[in-house]
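Chains, contacts and geometry: an overview
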Amino acid sequence: MLHQINTIIFPTLTYQKIGKGPPLVLIHGFPLDHNVWGDLIQQLSKDYLVIAPDLPLAGGSTYNGNDLTIAQMADSIYAIIQHEKLEKVVVAGHSMGGYTVLAYAEKYENSLAGICLIHSSAYADTEDKKELRRKTISLINKGGREGFIKQMIPALFSEDFRTNNQELIKQQILEGLKLDEHALVSFYNAMINRSNRTKVLGNADFPVAWVLGKEDNITSLNNVSQQTCLATVNFVYVYNDTAHMSMLENCRQLGDDLSSFCSYCYRSINK
Ligand code: MLT
């Protein structure tokens, strides 16, 4: 069932809430919304209270400001957590959702039992990546939104998965096409402008889990593995035959790993 709250800066924030138990917040990536978690939510909601928000400008969530930032996206998550009166939460984020998790941890550390970064990174964009994103923004502004989504979504998956799951890929393209030009450009600018948050990991007094796909070309294994020893307590899950979308490419395994990570986090705070 979809819930919603309203704030001045986020006139509508929508989120799915399902299950019973300690809370687990799942933050989606770009260019999708909470629906991307699909079956994973069903699996995890057997043991956890799963909250899956739509980030501002995605799904049913709106934004009333000028330039959306990753930090504001983290504020939107905090607004939901406060509304739900949750004291300690495990927050997991996929890719851009992981950037949001780190911004959340920077500001709201006291509310965390643990964080999980799924195909994500604490580094800022390189100059090359920023340039590439600016070119994409200009393409989108010239009417290239549809072409961009149709080319971008399949590249998130491993080649084998793409070949064997063409209907699913088509469905994800349709999901991506729900975002209008303004949302796509706002998310890209938010990612361009985000800072390096490796310090958040260095200061973390909560466990950090990493989910990596061996075939991920967006958040490469090499790049992220350098970060997986920065926090004091790290869990690292590396999946074969998986690129950037383990919630669809390797859903059962991701569910099992998230479940055991959450169980560790909540056992640790209750000691
Ligand atoms: C995502 O999956 O959220 C994006 O690929 C993140 C990015 O472009 O850095």
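If you're wondering where the values come from, they're calculated on a predicted model, not measured in any experiment. (Residues numbered from 1 in each chain as written. Predicted model: local features only at pLDDT ≥ 70, side-chain atom pairs only at ≥ 80, totals over all residues. Heavy atoms only, no water.)

1. A word on the overall build of the protein
Heads up, the condition is: Helix numbers and strand numbers start at the N terminus; a helix is a DSSP run of H or I with at least 4 residues, a strand a run of E with at least 2. In this treatment the radius of gyration is a C-alpha quantity, and the globule benchmark scales as 2.2 Å times the residue count to the 0.38 power. When accessible area is computed with a 1.4 Å probe and restricted to protein chains, residues below 20% of their type maximum are described as buried, those above 50% as exposed, and intermediate ones as partly exposed. Any pair of residues with heavy atoms lying within 4.5 Å of one another is described as a contacting pair. The accessible surface values rely on the Shrake-Rupley method and a 1.4 Å probe; as for residues, cover is taken only from the protein chains in view. Within this scheme the basic residues Lys and Arg register as positive and the acidic residues Asp and Glu register as negative, but His and the chain ends are omitted. All charge positions are set by atom: Lys at NZ, Arg at CZ, Asp at CG, Glu at CD.
A count of helices and strands for the protein gives 11 helices and 8 strands. At 17 Å, the protein has a C-alpha radius of gyration in line with the 18 Å of a compact globule built from 271 residues. Taking all 271 residues of the protein together, the buried fraction comes to 56%. Counted over contacts in the protein with a minimum sequence separation of 6, partners at least 24 positions apart contribute 76%. Summed over all atoms, the accessible surface of the protein reaches about 12,000 Å², with 47% contributed by carbon and sulfur. Charge separation in the protein, taken as the distance between the mean sites of 24 positive and 28 negative side-chain charges, equals 3 Å.

2. Description of the pattern of salt bridges
Test applied: Salt-bridge detection follows one rule: a side-chain nitrogen of Lys or Arg within 4 Å of a carboxyl oxygen of Asp or Glu.
Evaluation of the coordinates by the stated rule reveals 11 salt bridges. The residue lysine 130 makes a salt bridge to glutamate 127 at a minimum N-O spacing of 3.7 Å. Of this pair, lysine 130 and glutamate 127 both sit in helix H4 (residues 127-152), 3 residues apart, which is roughly one turn of that helix. Between glutamate 175 and lysine 178 there is a salt bridge; the shortest N-O distance is 3.1 Å. Residues joined by salt bridges that share partners form a network here, namely Asp125, Arg133 and Arg194.

3. Here's the deal with the site of the ligand
Spelled out, the test is: Summary of the distance rule: residues count as near a molecule or strand when at least one heavy atom falls within 4 Å of that molecule or strand. In protein, a polar contact requires one atom able to donate a hydrogen and another able to accept it; more generally it is a pair of N or O atoms within 3.5 Å, and residues adjacent in sequence count only if both atoms are side-chain atoms. Note on residue classes: Ala, Val, Leu, Ile, Met, Phe, Trp, Tyr, Cys and Pro are nonpolar, Asp, Glu, Lys and Arg are charged, and everything else, Gly too, is polar.
With respect to spatial proximity, the complete set of residues near the ligand consists of Gly29, Phe30, His94, Ser95, Met96, Tyr99, Arg133, Met191, Ile218 and His244. At 2.7 Å from an oxygen atom of the ligand is found a side-chain nitrogen or oxygen belonging to arginine 133. Protein burial of the ligand: of its 270 Å² of free accessible surface, 97% is covered by the chains. Of the residues belonging to the shell around the ligand, the class tally is 5 nonpolar, 4 polar and 1 charged.

4. Regarding unusual backbone geometry
With an omega of 5°, the peptide bond running from phenylalanine 30 to proline 31 counts as cis. Tracing the sequence through the fold places proline 31 in the loop between strand E3 (23-27) and helix H1 (38-44). Even without being glycine, leucine 57 reaches a positive phi, approximately 80°. Within the secondary structure, leucine 57 sits in the loop between strand E4 (49-53) and helix H2 (70-83).

5. Let's talk about the packing of aromatic side chains
Heads up, the condition is: Aromatic contacts are taken between Phe, Tyr and Trp rings whose centres are within 6.5 Å, Trp giving its six-membered ring; a plane angle under 30 degrees counts as stacked, one over 60 as edge-to-face, and the others as tilted. Either the NZ atom of lysine or the CZ atom of arginine qualifies as a charge over a ring when it sits within 6 Å of the ring centre and within 35 degrees of the ring normal.
Scanning all chains against the criterion turns up 12 aromatic pairs. Ring geometry for phenylalanine 10 against tyrosine 63: centres 6.0 Å apart, planes inclined by 35°, an arrangement best described as tilted. Here phenylalanine 10, found in the loop between strand E1 (2-5) and strand E2 (13-18), pairs with tyrosine 63, found in the loop between E4 and H2; they are 53 residues apart in sequence, far enough to count as distant. There is no split in this pair, since phenylalanine 10 and tyrosine 63 are both buried. With centroids separated by 5.8 Å and ring planes inclined at 70°, the aromatic side chains of phenylalanine 148 and tyrosine 188 adopt a geometry described as edge-to-face. You can see phenylalanine 148 sitting in helix H4 and its partner tyrosine 188 sitting in helix H7 (residues 181-192), a full 40 residues away along the chain. Here tyrosine 188 falls in the buried class, since its relative accessible area comes to 9%. In this structure an aromatic cluster arises from ring pairing among Phe30, Phe148, Phe187 and Tyr188. Directly above the ring of tyrosine 99 sits arginine 194, whose terminal nitrogen or CZ lies 3.7 Å from the centroid.

6. Considering the side chain of arginine 197
By secondary structure assignment, the location of arginine 197 is in the loop between H7 and helix H8 (198-202). Judged by relative accessible area, arginine 197 falls into the buried class, the value being 8%.

7. Thoughts on the environment of threonine 232
Relative to the helices and strands, threonine 232 is located in the loop between helix H9 (221-225) and strand E8 (234-239). When its relative accessible area of 68% is taken as the criterion, threonine 232 is described as exposed.

8. Observations concerning helix H11 (residues 251-269)
Where we set the bar: Expected helix span is taken as 1.5 Å per residue step, with the number of steps being one fewer than the number of residues.
With 19 residues, H11 should cover 27 Å at 1.5 Å per step; its first-to-last C-alpha distance of 27 Å lies within 8% of that length. Inspection of H11 places Cys251, Leu254, Gly255, Asp257, Leu258, Ser259, Phe261, Cys262, Cys265 and Tyr266 among the buried residues, and these make up the whole buried set.

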